[in-house]
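This is what each chain is made of:
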Amino acid sequence: MKFQLPRFSIFAILFLLLFFLLVVVFFPSLLEVGELDPQYVLGMVIFLVMMLTLVNTSRTTIRLRLLAEVADSIGRGDYSSRSELKGDDSIGRLAESVNLMANAIETSIADLEESRGKLEQSGTKLEEQNEELSRSIDLQVKFGAFLSKIASMEINVIANTAIDSLLDLSRGQIGLFFLYDEQKEDLVCLTRRTLDQAFLKNFSDNGSMEGLPGEVVRQRRWLNLEDVDADALPDINLGFTRARVQSIYGIPVVFQKKLLGVVILAGLSKLDDATRQALANHVEVLANSLINAVTYRAVQKQSIQLEDVNRELLAAHKQKSEFVANMSHELRTPLNSIIGFSGILLKNRKGNLSGTDLNRVEKINRNGRHLLSLINDILDLSKIEAGRMDFLFEDTDLIPIVRDVAEMLQPQADAKSLELIMDLSETSVRANTDGHKLKQVLINLIGNAIKFTKKGSVTIRCEMLDASKQRVRLQVIDSGIGISQEKLDVIFEAFSQADSSTSREFGGTGLGLTISRSIIEMLSGSLTVASEPGKGSTFTIVFEGVSEKRRGATATHDQKEEAKEAVAKSEKSEETGTPSAQEKEDRTSKRIIETVTAVASSSATPGEDRSKAELRRILPITPGKRILVVDDDPDARDFLIQYIQELGAEAKECGDSTRVLDLVREFKPDLVTLDIMMPESNGWEVLAAMKADPTLSHVPVVIISMVADRNKAISLGAVDALTKPVAQGEFMACARRSLNSDEIAGRRILVVDDLREYQELMKHWLGEDKNDIRTAGNGKEALALMESFRPEVIFLDLMMPIMDGFTFLREIRANDQYEDVPVIVITAKSLSSAERQWIEARAEKIFVKGEDLR
């Protein structure tokens with residue numbers, strides 16, 4: 001570096017020269033010099049200043065050049081170059097700033113270099129990640145395609161699809177799939193993929209467990225042949241050259257530790273970890289598809305076997321059904337005659353049978369009915385097991401059903417001195433159910449309660465279970481022998497009772513409760529039991545009810561009472577004069593009728609329907625009615641004809657089903673009774689042919705058969721269906737209903753009731769404009785009226801002044817002239833068991849005001 005004077009020395013010399021000149025000019029005596037020429041002195045000063053300026057300029061130039069060299073070095077990229085200039089002047093400070101700038105630039109460049117290095121590394125990693133992601137996506141796409149392709153139930157299709165996909169995934173050139181036969185403990189090669197058929201000689205043929213596939217089976221794990229001596233691996237012929245195989249993989253196909261097969265893959269490259277994992281996933285899917293296909297094949301095989309077994313079972317079931325049907329027919333045919341003719345003999349109309357004979361006939365009749373009950377139970381159980389029991393669901397009031405069953409079984413309770421208690425809801429209890437089937441269940445439950453109760457009572461309870469009326473509960477409660485806890489479930493099993501002593505003491509087959517629970521469950525309900533030995537049992541039925549909103553409006557007893565109050569208030573507000581008592585009564589009755597009729601106008605009330613149905617059942621048929629009896633059994637025709645003759649109708653019999661249509665045209669019957677099981681043509685075909693003929697379709701038909709299906713009969717056009725053997729009362733009621741099926745008209749009816757509004761109500765319901773309806777306020781008036789008016793039916797109240805219904809009923813039954821006139825009792829009185837039994841012996845039916853009669 002060149003020599004340069006420090007800045008402070010130049011100023012010092014300059015200061016000294018100026019000081020010397022000033023001393024020479026102003027104090028020459030001090031320097032012992034003479035006077036100097038001022039111009040000379042000024043020139044010297046100027047010269048010195050110029051010299052000093054020149055020296056300073058030269059020094060500044062040199063420093064700037066040195067600083068410029070440093071800047072040039074930095075500009076050329078030598079960021080380590082620094083200026084050594086110092087000083088407090090501008091150049092010194094500039095040099096310091098240049099050095100600071102160079103430091104910053106050098107640091108920034110170093111940071112940039114480091115960042116660029118990191119960026120290059122990141123870019124490299126990103127490329128690797130992108131490549132890995134692309135590979136992963138490609139593997140996923142292939143995996144998805146593999147899933148869609150391998151969805152098959154054919155093992156060969158699965159094997160071919162799997163090998164193609166696995167070779168594509170592994171970029172291999174050789175692929176084989178062996179199916180493992182577990183029973184033979186052997187491998188079967190299902191598919192091969194190779195570029196060199198000669199290569200396959202390295203693998204064992206089918207039926208051998210040697211070599212790599214067999215070793216995979218034994219070890220149940222992946223076996224890899226790679227990273228071994230190159231000479232140990234075989235060559236494959238690529239067509240244009242030969243290449244050494246780099247890897248061979250033996251992969252077990254396993255599903256839940258169950259070996260299904262072995263996959264062999266060979267290729268010219270080794271597999272990376274991602275490909276190995278993808279292969280593992282593919283093989284796992286292959287295992288799932290294989291197990292499905294193997295299972296499907298086994299199921300198919302079993303299905304074929306089951307079809308064969310099922311055909312055999314169907315044939316056996318058909319034979320069983322035919323046997324049961326034939327046996328039931330063979331058994332019930334003689335039973336039909338036994339019960340029918342013994343019933344006729346029991347009436348002893350000619351009076352030629354002694355008491356002993358009648359007792360024996362009664363035993364024949366009773367045992368015949370018992371045997372019939374057993375046969376019916378077995379048939380019902382067969383129907384339930386076969387799922388062939390039909391149901392007719394409809395809006396049903398359960399109170400009348402309970403009353404009917406209680407009335408039917410009251411004599412059994414009375415015979416054992418048991419109190420039969422009905423704890424029934426004050427309002428109607430309605431449910432969407434099959435009333436006929438429910439009645440069958442109640443008969444069984446109440447009959448069992450009476451049978452297993454030696455003393456005490458049997459209570460029948462019917463009520464809504466909640467305020468919304470969505471559930472109904474029926475209970476049969478007895479104070480009988482009870483059932484132990486461990487036997488509560490056994491009693492619902494077929495042919496089971498609590499213990500063997502029960503069967504010996506009380507009898508029965510043990511089918512009743514089984515059938516009852518099955519029927520209730522088919523009605524979407526439940527039947528349960530709670531019991532304690534020695535204290536009795538409670539059987540409970542619960543099922544869906546029908547709320548008032550769903551049922552619609554009907555006129556109840558309470559509504560009629562409200563109607564009375566409304567009429568009274570209306571009369572009070574409308575009265576402008578003073579009408580007579582009779583006029584008030586007439587107007588009150590009229591308004592009650594109008595009010596009740598308006599309430600019930602939206603639909604026919606159940607009470608009205610039941611009243612008219614009961615009338616059709618009770619009213620005698622008009623003279624001249626004709627009934628054609630069609631049955632291939634002459635005994636069945638014989639006692640049905642006797643029933644018909646007692647009805648007062650004319651009967652004609654037919655034993656040939658092929659002549660029915662001709663006889664109907666010739667005889668022109670008002671009713672046809674038709675058996676089903678007949679040779680040549682069965683009853684269903686005859687019924688269908690009658691209803692298809694416009695000239696015969698109007699004739700009512702009643703099915704009377706051992707296989708009477710009421711729902712089917714009605715759907716095909718019959719008016720009713722009765723099951724053989726049919727009781728005389730049941731047949732005569734059905735015949736009256738059918739023959740009186742037209743609108744009730746031209747009948748003589750007597751209404752005996754002290755309440756004028758009920759007289760008017762009955763007249764309105766029964767159609768006073770079409771029938772000759774007379775009324776009486778008490779029994780005495782009724783007897784007087786009957787001297788000139790013989791009624792065909794009497795509606796009788798019990799609680800009346802002067803002569804009540806009990807006395808009136810006793811009087812007419814003691815008179816031969818009126819002993820056969822049917823009587824329907826209508827009362828609001830709560831009857832005791834003795835009163836009800838007394839009335840039932842003398843009247844046809846008992847209705848309760850406000851409940852049964854609306």
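Residues numbered from 1 in each chain as written. Predicted model: local features only at pLDDT ≥ 70, side-chain atom pairs only at ≥ 80, totals over all residues. Heavy atoms only, no water.

1. Here we look at the overall build of the chain
Along the chain, the regular secondary structure elements total 25 helices and 24 strands. Here the chain holds 854 residues, and 42% of them are scored as buried. In the chain, 67% of the contacts between residues at least 6 apart in sequence involve partners at least 24 apart. Carbon and sulfur atoms provide 53% of the accessible area of the chain, an area that totals close to 45,800 Å². (Helix = DSSP H or I, 4+ residues; strand = E, 2+ residues; numbered from the N terminus. Buried < 20%, exposed > 50% of the residue type's maximum accessible area, 1.4 Å probe, protein only. Contact = heavy atoms within 4.5 Å. Areas by Shrake-Rupley, 256 points an atom, 1.4 Å probe, with all protein chains shown as cover.)

2. Regarding the side chain of S681
In this structure, S681 sits in the loop between β17 (671-674) and α19 (683-692). Relative accessible area serves as the criterion here: at 14%, S681 is assigned to the buried category. Side chain to side chain, S681 and E685 meet in a polar contact 2.9 Å long. Every residue in contact with S681, bar those within four places of it in the chain, is listed here: S657 and V686. (Polar contact = N/O pair within 3.5 Å; in protein donor to acceptor, adjacent residues only side chain to side chain.)

3. Quick look at the side chain of K763
Note that K763 resides in helix α22 (residues 756-766). Aside from chain neighbours lying at most four places away, what touches K763 is E768, I773 and T775.

4. Concerning the packing of aromatic side chains
We describe a pair of aromatic rings using the distance from one ring centre to the other and the angle between the two ring planes. Following the criterion strictly, the structure yields 1 aromatic pair and no others. Relative to W838, the ring of F806 has its centre 5.9 Å away and its plane inclined at 50°; by these criteria the two rings are tilted. A residue pair is termed long-range when its members are at least 10 positions apart, and F806 in helix α24 (residues 805-814) and W838 in helix α25 (residues 833-840) qualify at 32 residues. The lysine or arginine in question, K652, covers the ring of F667, its NZ or CZ lying 6.0 Å from the ring centre. (Phe/Tyr/Trp six-rings, centres within 6.5 Å; stacked < 30°, edge-to-face > 60°. Lys NZ or Arg CZ within 6 Å of the ring centre and 35° of its normal.)

5. A look at the pattern of salt bridges
One pass over the structure, following the stated rule, counts 19 salt bridges. Between E215 and R218 there is a salt bridge; the shortest N-O distance is 3.3 Å. Placement of the pair is E215 and R218 together in helix α6 (residues 211-219), with a separation of 3 residues, close to one helical turn. Exposure remark for R218: the relative accessible area of 48% places this residue in the partly exposed category. Here D662 ties to R665 by a salt bridge, and the two come within 3.4 Å at their closest N and O atoms. Of this pair, D662 and R665 are both found in helix α18 (residues 660-667), 3 residues apart, which corresponds to roughly one turn of the helix. Overlapping salt bridges, with partners in common, bring together R756, E760, K763 and E768 in one network. (Salt bridge = Lys/Arg side-chain N within 4 Å of Asp/Glu carboxyl O.)

6. Overview of the packing of helix α9 (residues 398-415) against α25
Across the interface, α9 lies against α25 with an axial gap of 11 Å and an inter-helix angle of 100°. When the axes of α9 and α25 are compared, the pair comes out roughly perpendicular. Packed against α9, whose contacting residues are R403, E407, Q410 and D414, the element α25 presents S833, R836, Q837 and E840 at the interface. Its residues assigned to classes, the contact of α9 with α25 shows no nonpolar, 3 polar and 5 charged. (Axes fitted to C-alpha atoms, helices over the stretch in contact; angles between N-to-C directions. Parallel < 35°, antiparallel > 145°, perpendicular 65-115°, else oblique. Nonpolar A, V, L, I, M, F, W, Y, C, P; charged D, E, K, R; others polar.)

7. Comments concerning the environment of V472
Tracing the chain through its elements places V472 in strand β12 (residues 471-478). Judged by relative accessible area, V472 falls into the buried class, the value being 0%. Through-space distance from the C-alpha of V472 to that of G545 is 5.2 Å; in sequence the pair is 73 residues apart. For V472, the contacting residues outside a window of four places in its chain are L398, V429, R430, A431, E463, M464, L465, I541, V542, F543, E544 and G545.

8. What about the pairing of strand β15 (residues 626-630)?
Most of β15 sits inside the fold, with 4 of its 5 residues counted as buried. Looking at chain direction, β15 and strand β16 (residues 650-654) are connected through 5 bridges and run parallel. Residue pairing in the sheet places I627 in a bridge with A651 of β16. Following the chain from β15 across helix α17 (residues 634-647) to the adjacent parallel β16, one finds a crossover that is right-handed. Bridge count between β15 and β17: 4 bridges; the pairing is parallel. Across the sheet, the residue bridging to V629 is T673, located in β17. (Pairing = 2+ DSSP bridges. Right-handed = clockwise from strand over helix to strand, strands pointing away.)

9. With respect to unusual backbone geometry
Despite not being glycine, K257 shows a phi value in the positive range, around 70°. Here K257 is to be found in the loop between β6 (247-255) and β7 (258-267). For K257, a relative accessible area of 78% corresponds to the exposed category. Residues other than glycine seldom take positive phi values, yet S524 does so here, at roughly 65°. Structurally, S524 is set in the loop between α12 (512-522) and β13 (526-532). Note on S524: relative accessible area 63%, which makes it exposed.

10. Topic: the sheet that holds β16
Reading across the sheet, the 5 strands line up as β16-β15-β17-β18-β19 and stay open at both edges, with parallel pairing between neighbours. What marks the edges here is a single partner per strand, and that holds for β16 and β19 (720-723). Pairwise comparison of adjacent strand axes, ignoring direction, gives a mean angle of 20° for this sheet. Both strand β18 (residues 701-705) and β19 contribute to a ladder of 4 bridges, which runs parallel. Counted as the bridge partner of V702 is D720 from β19.

11. A few points about a nonpolar patch on the surface
Residues F47, M51 and L54 make up a contiguous nonpolar surface patch of about 300 Å² in total accessible area. Within the secondary structure layout, L54 lies in helix α3 (residues 38-75). A relative accessible area of 54% means that L54 is categorised as exposed. (Patch = residues over 30% accessible without salt bridge, like charges linked within 9 Å, V, L, I, M, F, W, Y side chains within 5 Å.)

12. Observations regarding the packing of helix α10 (residues 435-451) against α12
Packing of α10 against α12 brings their axes to within 10 Å, and their N-to-C directions diverge by 145°. Where α10 crosses over α12, the handedness of that crossing is left-handed. Contact residues: K437, L438, Q440, V441, N444, L445 and N448 in α10; G512, L513, I515, S516, I519 and I520 in α12. Looking at the contact of α10 with α12 residue by residue, the classes come out as 7 nonpolar, 5 polar and 1 charged. (Left-handed = near helix turned anticlockwise from the far one by under 90°.)

13. Notes on the nonpolar core
Core analysis: the biggest nonpolar cluster contains 43 residues, and L398, L442, I446, L474, F539 and I541 have the highest contact counts within it. At the level of elements, α9, β9 (419-424), α10, β11 (457-464), β12, α12, β13 and β14 (536-544) are the ones that each hand at least two residues to this core. The contacts of I541, once residues within four sequence positions are left out, are V441, L442, L445, V472, R473, L474, I520, S526 and L527. In terms of nonpolar packing, the next biggest core, distinct from the first, is built from 27 residues, I158, L167, V263 and L279 among them. (Core = buried A, V, L, I, M, F, W, Y, C linked by side-chain atoms within 4.5 Å.)

14. With respect to the sheet that holds strand β1 (residues 174-181)
Strand order across the open sheet formed by 5 strands is β2-β1-β7-β6-β3, with antiparallel pairing between neighbours. Each end of this open sheet is capped by a strand with a single partner; those strands are β2 (186-194) and β3 (223-225). The sheet shows a mean angle of 15° between the axes of neighbouring strands, taken without regard to direction. Direction of pairing for β1 relative to β2: antiparallel, over a ladder of 8 bridges. When the bridges of β2 are listed, I174 appears paired with T194. Helix-sheet contacts for helix α5 (residues 155-170) involve β1, β2 and β7, and the interaxial angle to β2 is about 50°.

15. Notes on the confidence of the model for the chain
Averaged over the chain, the pLDDT score is 75; the fraction of residues at 70 or greater is 75%. Across the chain, element-level confidence peaks in helix α23 (residues 779-786) with a mean pLDDT of 92 and bottoms out in helix α14 (residues 557-574) with 41. Scored below 50 in pLDDT, residues 503-507 makes 10 contacts in the model with residues more than four places away or belonging to other chains. (pLDDT = per-residue confidence, 0-100.)

16. Examining a negative patch on the surface
Negative charge collects at one region of the surface, where E127, E128, E131 and E132 lie side by side. Among the secondary structure elements, E132 is positioned in helix α4 (residues 90-149). (Lys, Arg positive; Asp, Glu negative; His and termini not counted. Charge placed at Lys NZ, Arg CZ, Asp CG, Glu CD.)

17. Digging into the pairing of β17
Burial of β17 is two-sided: the residues L671 and T673 facing one way and the residues V672 and L674 facing the other way are all buried. Considered for its hand, the β-α-β crossover made up of β17, α19 and β18 is right-handed.

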